[in-house]
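Breakdown of the fold
One letter stands for each residue in the lines below.
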Amino acid sequence: MSRVADLTWRNWARNEQATARRVVEPRSTAEVSAAVRSAAEDGLTVRMTGAGHSFTGAAVARGVRLCPRGLTAVRSVDTASGLVTVEAGLPLRELNRTLAQHRLALANMGDIQEQTVAGAAQTGTHGTGRDTAGLVSQIAGLELVLADGSVVTCSRDERPELFDAARVGLGALGVVTAITWRTVPAFLLRAQEEPMRWDEVLSRLDELASGNEHFEFYWFPHTEGCLTKRNNRLGRAEAAAAGALPRLRRWVDDEVLSNAVFGAANRLGRRMPGVIPAVNGVSARALGARTYSDLSYKVFTSPRRVRFKEQEYAIPRAELASALRELRALFARKDWRISFPIEVRLLPAEDAWLSMAYDRPTAFIAIHVYHLAPHEEYFRAVEDLMTSRGGRPHWGKLHTRDAAYLRGVYPRFGDFLALRDELDPGRRFANPYLTQVFGA
């Protein structure tokens with residue numbers, strides 16, 4: 001176990017920063033346990049930070065910060081059962097490459113792969129899917145270091161309540177040191193991306209959602225333009241004839257248009273907000289139709305190089321169309337100039353206690369602003385709309401909800417708090433964000 005000299009940490013969006021009392025880089029579960037015990041002797045709190053892709057203060061560490069760069073081992077790969085155990089600090093991109101080498105894959109993913117596996121799971125990272133749920137529903141087992149330094153494992157068969165609580169645990173129940181994933185045989189996805197007008201998307205929402213394994217869309221504010229994305233598995237015959245996106249087209253679309261040009265547009269919009277509606281109109285037209293096929297993780301994920309701040313709420317699936325119409329009506333009443341598209345995704349019900357899709361089919365609405373732009377008024381107004389519909393905020397994205405609100409939208413919230421009281425009565429794993437969302 002080594003000490004890290006740089007005590008200051010910042011997240012990817014640059015809106016959170018913290019200076020720890022000390023930073024430790026453990027290389028094993030035993031070293032994590034030793035670091036937790038040492039922190040307890042010194043009366044310090046402990047947090048493990050991942051890649052910093054949370055926009056909230058979920059990863060903020062002011063006592064001991066554990067850096068997981070030394071916890072990246074692939075412990076086991078069982079191609080027969082599909083069970084793969086990796087350590088907490090392994091980035092999702094490396095997990096995807098490892099799985100592909102063994103002809104395995106995650107059944108569903110979000111749209112970036114830069115997070116550590118533990119960070120992504122602990123904050124409820126999801127994706128979009130008709131039949132397959134988010135990352136936490138693909139977890140078969142966890143290894144954690146508890147507040148007293150002991151090491152425990154849990155699964156559906158071993159300590160099942162801890163398993164259901166800790167899969168989305170925000171690091172409040174213990175330090176996750178390893179995750180066992182339930183993977184599937186590697187598969188190809190056919191991606192169909194197509195511009196549509198707002199009215200068409202809303203009128204066909206149920207058809208598009210039920211007719212595709214993975215459906216999402218983006219609405220460009222101040223315009224009628226949407227970009228729809230439909231991803232479906234290929235059968236054997238289709239896979240034989242599948243074609244990847246030409247390298248030049250992928251580079252132009254994903255690097256030039258979606259990152260370089262989009263970044264320049266956001267810098268311009270920050271200086272001259274009045275141009276944003278026109279720029280959004282150009283963006284909606286520039287990202288044209290394309291169809292291609294590739295390994296699943298290469299279709300699920302995209303590079304995101306333009307920094308932003310984000311808020312995302314999960315609402316009952318049945319509320320989606322009316323919520324979107326009300327959201328658009330907000331733009332008609334407000335003097336906003338929003339350059340980032342609004343993202344809509346879907347997920348079946350999940351059973352992890354603090355999953356945003358717990359016990360109900362769910363729609364996710366995500367809003368973004370350029371990382372240097374003000375966000376407070378826009379985010380608060382949309383948050384008011386979402387919470388009026390029983391919305392659940394993404395644990396890793398900006399929101400203002402507290403324990404009093406969250407208790408009312410999560411049926412097992414009280415059970416989670418009781419388990420936390422049992423496992424960490426001294427709040428060894430506390431930080432200000434956890435105090436906000438859990439009340440103590």
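Here's a quick rundown of the structure.

Definitions and cut-offs
- Residues numbered from 1 in each chain as written.
- Predicted model: local features only at pLDDT ≥ 70, side-chain atom pairs only at ≥ 80, totals over all residues.
- Heavy atoms only, no water.
- Helix = DSSP H or I, 4+ residues; strand = E, 2+ residues; numbered from the N terminus.
- Rg over C-alpha atoms; globule rule 2.2 N^0.38 Å.
- Buried < 20%, exposed > 50% of the residue type's maximum accessible area, 1.4 Å probe, protein only.
- Contact = heavy atoms within 4.5 Å.
- Areas by Shrake-Rupley, 256 points an atom, 1.4 Å probe, with all protein chains shown as cover.
- Polar contact = N/O pair within 3.5 Å; in protein donor to acceptor, adjacent residues only side chain to side chain.
- Pairing = 2+ DSSP bridges.
- Axes fitted to C-alpha atoms, helices over the stretch in contact; angles between N-to-C directions.
- Salt bridge = Lys/Arg side-chain N within 4 Å of Asp/Glu carboxyl O.

Details of the overall build of the protein
Counting its regular elements, the protein contains 15 helices and 21 strands. At 21 Å, the protein has a C-alpha radius of gyration in line with the 22 Å of a compact globule built from 440 residues. In terms of overall dimensions, the protein has C-alpha extents of about 60 × 50 × 40 Å along its principal axes. Split into buried and exposed, the 440 residues of the protein put 59% on the buried side. Within the protein, contacts between residues separated by at least 24 positions form 73% of all contacts whose residues are at least 6 apart in sequence. Counting only carbon and sulfur atoms, one obtains 49% of the accessible surface of the protein, whose full area is about 17,600 Å².

Examining the environment of Pro221
Of note, Pro221 is situated in the loop between strand E15 (214-219) and strand E16 (225-233). Excluding residues within four positions of it along the chain, Pro221 makes contact with Asn280, Phe331, Ile338, Phe340, Pro341 and Ile342.

Some points on the side chain of Thr301
With respect to the helices, strands and loops of the structure, Thr301 is situated in the loop between helix H10 (296-300) and strand E18 (308-316). Taking relative accessible area as the criterion, Thr301 reaches 9% and is therefore assigned buried. In terms of polar contacts, Thr301 uses its side chain to reach the backbone carbonyl oxygen of Tyr297, at 2.7 Å. Setting aside chain neighbours within four positions, we find Thr301 in contact with Met109, Gly110, Asp111, Ile112 and Gln113.

Here we look at the sheet that holds strand E12 (residues 175-182)
Across the sheet, which stays open at both edges, the five strands sit in the order E7-E8-E12-E10-E11 with antiparallel pairing between neighbours. Whereas interior strands pair on both sides, the edge strands pair on one side only; in this sheet they are strand E7 (74-78) and strand E11 (151-155). Neighbour to neighbour, the strand axes of the sheet diverge by 15° on average, direction disregarded. Bridge count for strand E10 (residues 139-145) against E12 is six bridges, and the pairing is antiparallel. From the neighbouring strand, Val145 faces E12, where its bridge partner is Val175. Most of the contacts of helix H1 (residues 29-41) go to E10, to which it runs at about 45°, and overall it touches E7, E10, E11 and E12.

Overview of the pattern of salt bridges
Under the definition given, this model contains 32 salt bridges. In this structure, the salt-bridge partner of Asp206 is Arg317, at a minimum N-O distance of 2.9 Å. Of this pair, Asp206 sits in helix H6 (residues 205-210) while Arg317 is found in the loop between E18 and helix H11 (320-333), placing the two residues 111 residues apart along the sequence. The class of Asp206 is exposed, set by a relative accessible area of 55%.

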